[in-house]
Each structure stands twice: as structure tokens, then as C-alpha cells.
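Residues per chain, in single letters:
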Amino acid sequence: MTDFYDAIEADLKNIAASLHDNLFHLLERVEHVDRIATRVKACMSFLDKAGKVVDNKPKYKKPFQEIQDILGARIVVFYKGDIEYVSKIIEKAYNPVEKQQLIPEDENEFGYEGLHYVLFVPPHILGQYRGVPNIPTFFELQIKTLYQHSWAQGEHGLGYKPGAQLDRDTKRKLAFVAAQSWGADEMLETLYQQIQRGKVNN
Amino acid sequence: MNDSTSEQGFEVKFAFVAWVPPLKLKDKNGLQVESRILDAKNKAFNYFLNIFERALGDCKTEIQFKSPQLNQSNVVRSHILDIVSSKTQKRKEKSARALAERLASVTDERSGNGLFVIVEGQKLQTTRILLNRFRSDEVVFTRHSKQELIIGFLDEAFTKRSRFYKSALFEDIPSNGSFWRGFAIDKQIVANTNREISSYWITDFLNAQSAITSVQGTMNFAKAMKTFLQKADSLAEKEQIISALLGLKNKTDKPISIESICRDYLSDDLYQRFKVYFRDDYFFNSVFTLDPDTYQSELGSTIVGLENGLIITAPTFDYKKCVKEELLPDGATQVSLSGKLQDKKLAKGKRVEL
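The shown structure was predicted, so the numbers you read here are calculated from the model rather than taken from an experiment.

J.: Hey, could you go over the overall build of chain B for me, with residue numbers and the actual values?
T.: Each helix and strand counted, chain B has 12 helices and 15 strands in total. Since a compact globule built from 354 residues should have a radius of gyration of about 20 Å, the 26 Å found for chain B marks it as more spread out than a globular shape. Each principal axis of the C-alpha distribution contributes one length, and for chain B these read about 90 × 60 × 45 Å. By the burial criterion, 46% of the 354 residues in chain B qualify as buried.

Pasting the structure below:
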């Protein structure tokens, strides 16, 4: 599996760079876009995911075809209201096969939030790599606010594996940071809307 | 069936034929889909095998399945996955029959009766599946027998040569994540004025879409046009390209391809150069619709440079209203502007000796 990954790693990096250029061109005149980033899933991370077992069976029979975040992109925007605006541009420019608004299941919980898409890699970007074995059909795109992004990055940096059993105190601390981030987003959005309305009324 | 191997090395695993009447919005009136598995011994088998062989060259429009609920589900793709993953002919036939019935349910009287054919082949790990629709037509045929010319008539015959012929090709290694992309041929899709008819194969039946979105297609098209304007050898060629842009202003709702634009608006020489520029033949032929907003933002201004150093920026789509061009006896073009003065600005210029 590592050999297969190594064989296409350079191609994947080129495709990720082209995706970045494409997203940048699309959004360069859009206000409140803090950053656009693309990445190729690291080999170890890919191998970890490819090796997952569910009910004593491999989760992925053909990992290169079935794992859809080998190529990833992220757009970070200033305010919550910007997410919808940017998502409309994305849905018009790319063909999506999946859209998920990720929020904690329980209304009393605070945790990871973000809008996730699975999108076809546009054919002109796939271009010369068309027909190369194991080149992904899709890429995953996340749209987040600055605070959603900072919470997710901070939490990821702590090194907990997804689904790990955390003690109550740790859970509460993580939820506290998530709640603070959620609150900051809400306040910024409210302030932005107020100022915009003020501009109109003045 | 297993001894039926194509010249390209695909072993045909399954061939299916269905007579498909138009059942959309219609009292079925006793009509129904008739279907059967096609045996390799049938004479028609080789005709379909030949089409299967050439399909990769014939189908040039790249398509992608839609997921209407944005949950990675598409009913046609699911049937295709069922066909390629089923071990028995009977199970394959069940899914093929479901596709034939779906085709009937989206076909109306204007498209008439059709022959729906599915051929599935396998070469090493790769599976190719080809879906075809032939529209019925009346034909006169002749046969020579014992120096006698026999003339016959068939009121329902099917041929690939018809401009109503449609095809879709999918080639992949079967898995839960495969068979999302394919290629299609729909001879009506670019030229036809009745979009409702021409879109029924790709949109209504396959529930698919052009792989190139309007926005991406328009962005790529604009990029190509700008590059070509820079590279054009003469003012005449630049005029030709600008004329093509203006000609497309009112075509934002029609499916087009770069190939069709070049064919319709450019000289043979420029057409050939565009073709070379688009070495990726898939994009050159791929169908998309122009997105008006992208078109405006990418190509909305035309910059004109005059020999006296004057540079003007004019709105592309109102160019003729505000810029008048007049051919002078010496072959040069005199340009005059018209419009109400609104503003003046100073900007940096080249350093000159005073």
C-alpha cells in the first residue's frame, strides 16, 4: 500500500496545488475569506485509515477509491454568515456528491463544527493524471469560521485519537473551549449584522 | 458468453437488449418494456460488440453522476454497480431491466420507441459497461437473390448512424467508490434547439451532469480566449476572437463546447490552433453552459490600445455602442469614442524627457 501511495504522491501534490489555484481564482474577489488551503493526506494517516476494521472486516476494500479525503481543501471565513455565501459559490463551481453540516448531536454539547463537502475534482485539474491508477475522483472541502477552525486545530493538536475515551474533566475542558469558540462566532456575526444594518440605516 | 472477447481484450460478461416504448406521462395502453439477454450467437451481438469496442473514442462528453440528496447516492449508478458486481446473469438482468424501465419512464412521444442495449466487459481488474439507446426508424432494404432485386420495408429498425443515437460509457475497477464518472455521446445535445429532448438522456435518464460546471467551463474558456488574444498574429485574428465572445452573449442557456464555439465562430486556421492548444481532448469537446456572472467578471472589459499611446477600457458587451471603428484607405482602423464624460483620473505613466 505504501508503494502505491509513494507512486502517486507527487501527482497528488500537483493536483492539490491546482485545486488551490482554482479555489483562489474563484474566491479572490470574495470578502471575508481569511485563507484557502489544500493538502494531501499524509501517508501514515492514509495507512491508518485504510487499515480500519469494522465488525472484524476491513472498512475499505479499495482504499484509494473509497477514502475521499486523500485530497483535502479548507476555506476559512471571518463570520458564520459568510459560510452560506461561500458555499453557494462552491456548489455552483464544483459538482458535489455529499454535503454535511457537522454539529454536535446534543443541543447541550459543544464540539466540532464545520460544513463538509465531497466534490468531484474538476476534469481540467485531473487533466494529465486521468487514467493514472489510484488518483482520487473526489476531494473533501471544509468551510469553517476562524473560531471553528482554531478550535478544531487546537483540539487536533492535543493528539487525542477520534473516539478515544476521555475522562470527564478533559471532556468538560474541551467542551468549554468549544463553547467559547461558538460564542465568539455568534457575537461576531451579531456585531457584523448590526454594523451592516447601521450602514444601511445611516 | 465467456468466449466472447473483444479485440481490445475485454471479455463480454453480459449483453442485454430491451425494446423501450415512451411511457412518460402516458397511459401505458398495454405497452411495456420487452427485454432479453443477448446471446453471443445472435448476429446482432457482433454489431453491439463493435460499438462497445469503439465506445471510448465515440463518447467524448465527460459526465458525472449526480447525488440529488447530496448523500452519495444515485439510482442509475447503483444499478450499474449491481450489474458489474453480480455473479449471475439473472441478477444482472434484474438491474438491467430496472434501467430499461427507468428509460421508458423518462421517454416521451417525441423521442419515440427505442432499443436499449447494455454490454458489460471485463479486462483484468477493469470493467467497462456501455449503455446505448437507438431510436427506431423506418428503413427500406434490398436483397439480391438469384439475379432478382428484392425490396423490403421495415417500420422499426435501429442504427447507430441516427442523429438520435445516445450512449454512455463507464469504465472502472468495481468497488463501493467506483463508477461515478463516465463519458457520453448525445448527438443532439450541442446543436439541438430543443433542450428538453436533448437533455433527457444525460439529465433525466442517467441523472448525470456534464463534468464541467458552467463556472469552471466559463473560467477555462475565458482563460483560453485571453491567452489566444495575446498570441494572435494579427488584429484580424483578435477581431475574430472578440466577435466570437460577442456572439456568445445571448447563448448563456444553451449547452456548448469549446469545439462548437471554435467551429461556429473561428476560421479553420484558428480552429486548428485552438485544438492544438487544448491537448486535453476531453475538455475541448466537453459540454457546458456559459455562466453569465463568470462570463461578465472574466471577460466583461475589452482593452483597446491605439498607436498614440491611448488605452481605453470598454465594456465588452456594449462595445459597439461606445466605440466606433472606421476602416481608413490605408488599411488602418480609426477609432472614436462616444459617451458622456463622467470622471477623470491621473495615473502613473512612462518617464518622459520634458
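Read on, since the account is not over.
J.: Please set out helix H7 (residues 235-247) of chain B residue by residue, giving values where relevant.
T.: Residues and elements named next belong to chain B. For H7, spanning 13 residues, the distance from its first C-alpha to its last is 18 Å, which sits close to the expected 18 Å at 1.5 Å a residue. Those residues of H7 lying buried are Glu 237, Ile 241, Ile 242, Ala 244 and Leu 245. Buried residues of H7, seen end-on, are gathered within an arc of 150 degrees and therefore sit on one face of the element. Facing away from the buried side of H7, by more than 90 degrees, are the exposed residues Leu 235 and Ala 236. On the buried face of H7, the contacting elements are helix H6 (214-231), helix H8 (258-265), helix H9 (268-277), helix H11 (292-299) and strand S12 (301-305).

J.: Can you tell me about the side chain of Thr 145 of chain A, naming the residues and giving the values?
T.: All names here are of chain A. Looking at where Thr 145 falls in the secondary structure, it is placed in strand S7 (residues 138-145). According to the relative accessible area criterion, Thr 145 is buried, its value standing at 0%. Of the polar contacts made by the side chain of Thr 145, one reaches the side chain of Asp 185; its length is 2.6 Å. Beyond its immediate stretch of four places on either side in the chain, Thr 145 contacts Val 76, Val 77, Phe 78, Tyr 79, Lys 80, Ile 83 and Asp 185.

J.: Summarise the interface of chain A and chain B; cite the residues concerned and give the values.
T.: Listed as interface residues are 27 residues of chain A and, on the opposing side, 33 residues of chain B. Between chain A and chain B lies a buried interface of about 2,500 Å² when both sides are counted; carbon and sulfur atoms form 48% of it. Connecting chain A to chain B are three salt bridges. On inspection of chain A and its partner chain B, the count reaches 19 residue pairs in polar contact (both at pLDDT 80 or more). Broken down by secondary-structure element, the contributors of at least two residues to the side of chain A that touches chain B are helix H1 (2-27), helix H3 (63-66), helix H4 (80-93), strand S5 (96-102), strand S6 (114-120) and helix H5 (123-126) of chain A. The element best represented in the side of chain A that touches chain B is S5 of chain A, accounting for four residues. Of the residues that constitute the side of chain A that touches chain B, the class distribution is 12 nonpolar, eight polar and seven charged.

J.: Report on a negative patch on the surface, specifying residues and quantitative values.
T.: Taken together, Glu 105, Asp 106, Glu 107 and Glu 109 of chain A make up a surface patch of like negative charges. One can find Asp 106 of chain A in the loop between S5 and S6.

J.: Please give an account of the pattern of salt bridges that cites residues and values.
T.: The final tally for this structure, using the stated rule, is 22 salt bridges over all chains. Residues Asp 34 of chain A and Arg 35 of chain A are paired through a salt bridge, measuring 2.8 Å at the closest nitrogen-oxygen approach. With a closest N to O distance of 3.6 Å, Glu 11 of chain B and Lys 13 of chain B form a salt bridge. Counted as one network, the salt bridges with shared partners bring together Asp 233, Glu 237, Asp 269 and Arg 273 of chain B.

J.: Talk me through the pairing of strand S1 (residues 11-20) of chain B; I want residue IDs and the actual numbers.
T.: Look at any regular strand and the pattern is simple: side chains alternate between the two faces of the sheet. Residues and elements named next belong to chain B. With seven of 10 residues buried, S1 lies mostly within the body of the structure. In this sheet, strand S4 (residues 114-123) lies alongside S1 in antiparallel orientation, the contact comprising nine bridges. Note that in S4 the partner of Ala 15 across the bridge is Val 119. For S1 and strand S2 (residues 34-37), the ladder comprises four bridges, and the chain directions are antiparallel. Bridging across to S2, Val 17 finds its partner in Arg 36.

J.: Provide a residue-level description of the side chain of Asn 207 of chain B, including the pertinent values.
T.: Relative to the assigned elements, Asn 207 of chain B resides in the loop between helix H5 (200-205) and strand S9 (208-210). Dropping the residues within four chain positions of it, Asn 207 of chain B is found in contact with Phe 65, Lys 66, Pro 68, Asn 74, Arg 102 and Ile 202 of chain B.

J.: Please give an account of the confidence of the model for chain B that cites residues and values.
T.: Residues and elements named next belong to chain B. Summing up the model confidence of chain B, the mean pLDDT is 85 and the portion of residues at 70 or higher is 92%. Between the elements of chain B, mean pLDDT differs from a low of 49, seen in helix H4 (residues 195-198), to a high of 97, seen in helix H2 (residues 75-85). Interface scoring of the predicted complex returns ipTM 0.89; its pTM is 0.86.

J.: Talk me through H1 of chain A; I want residue IDs and the actual numbers.
T.: Residues and elements named next belong to chain A. Spanning 26 residues, H1 covers 35 Å between terminal C-alpha atoms, matching the ideal 38 Å at 1.5 Å per step. At Glu 9, H1 shows its maximal bend, which comes to roughly 45 degrees. Residues of H1 that are buried: Tyr 5, Ile 8, Asp 11, Leu 12, Ile 15, Ala 16, Leu 19, Asn 22, Leu 23, Leu 26 and Leu 27.

J.: I'd like to hear about a nonpolar patch on the surface, residue by residue, with values.
T.: Residues and elements named next belong to chain B. Taken together, the side chains of Val 140, Leu 149, Ile 151 and Phe 153 define a hydrophobic patch exposed on the protein surface, amounting to about 450 Å² of accessible area. It is strand S6 (residues 148-158) that provides the largest number of residues to the nonpolar patch, a total of three residues. Judged by its relative accessible area of 61%, Val 140 falls in the exposed class.

J.: So, the domain arrangement of chain B: which residues are in play, and what are the values?
T.: Residues and elements named next belong to chain B. Domain boundaries assigned for chain B yield domain 1 (4-210), domain 2 (214-296) and domain 3 (301-353). Between domain 2 and domain 3, the C-alpha centre-to-centre distance is 24 Å. Taken together, the contacts link seven residues of domain 2 with four residues of domain 3. Both faces combined, the contact of domain 2 with domain 3 buries some 600 Å², and carbon together with sulfur accounts for 68% of it. Considering only the surface of domain 2 that becomes buried against domain 3, Leu 246, Lys 249 and Gln 296 emerge as the three largest contributors, covering 56% of it. Connecting domain 2 to domain 3 are zero salt bridges. Counting every contact that joins domain 2 to domain 3 gives zero residue pairs in polar contact (both at pLDDT 80 or more). When residues of the side of domain 2 that touches domain 3 are traced back to their parent elements, those giving at least two are H7 and H11. Of the residues forming the side of domain 2 that touches domain 3, the biggest block, four residues, is contributed by H7.

Thresholds, definitions, all that
- Residues numbered from 1 in each chain as written.
- Chains lettered and ligands numbered in written order.
- Predicted model: local features only at pLDDT ≥ 70, side-chain atom pairs only at ≥ 80, totals over all residues.
- Heavy atoms only, no water.
- Helix = DSSP H or I, 4+ residues; strand = E, 2+ residues; numbered from the N terminus.
- Rg over C-alpha atoms; globule rule 2.2 N^0.38 Å.
- Buried < 20%, exposed > 50% of the residue type's maximum accessible area, 1.4 Å probe, protein only.
- Expected span 1.5 Å × (residues − 1).
- Arc of directions from axis to C-beta.
- Contact = heavy atoms within 4.5 Å.
- Polar contact = N/O pair within 3.5 Å; in protein donor to acceptor, adjacent residues only side chain to side chain.
- Buried area = accessible area lost by both parts, 1.4 Å probe.
- Salt bridge = Lys/Arg side-chain N within 4 Å of Asp/Glu carboxyl O.
- Nonpolar A, V, L, I, M, F, W, Y, C, P; charged D, E, K, R; others polar.
- Patch = residues over 30% accessible without salt bridge, like charges linked within 9 Å, V, L, I, M, F, W, Y side chains within 5 Å.
- Areas by Shrake-Rupley, 256 points an atom, 1.4 Å probe, with all protein chains shown as cover.
- Lys, Arg positive; Asp, Glu negative; His and termini not counted.
- Charge placed at Lys NZ, Arg CZ, Asp CG, Glu CD.
- Pairing = 2+ DSSP bridges.
- pLDDT = per-residue confidence, 0-100.
- Bend = angle between axes of the 7 residues up to and from the residue.
- Domains from an automatic or database assignment.

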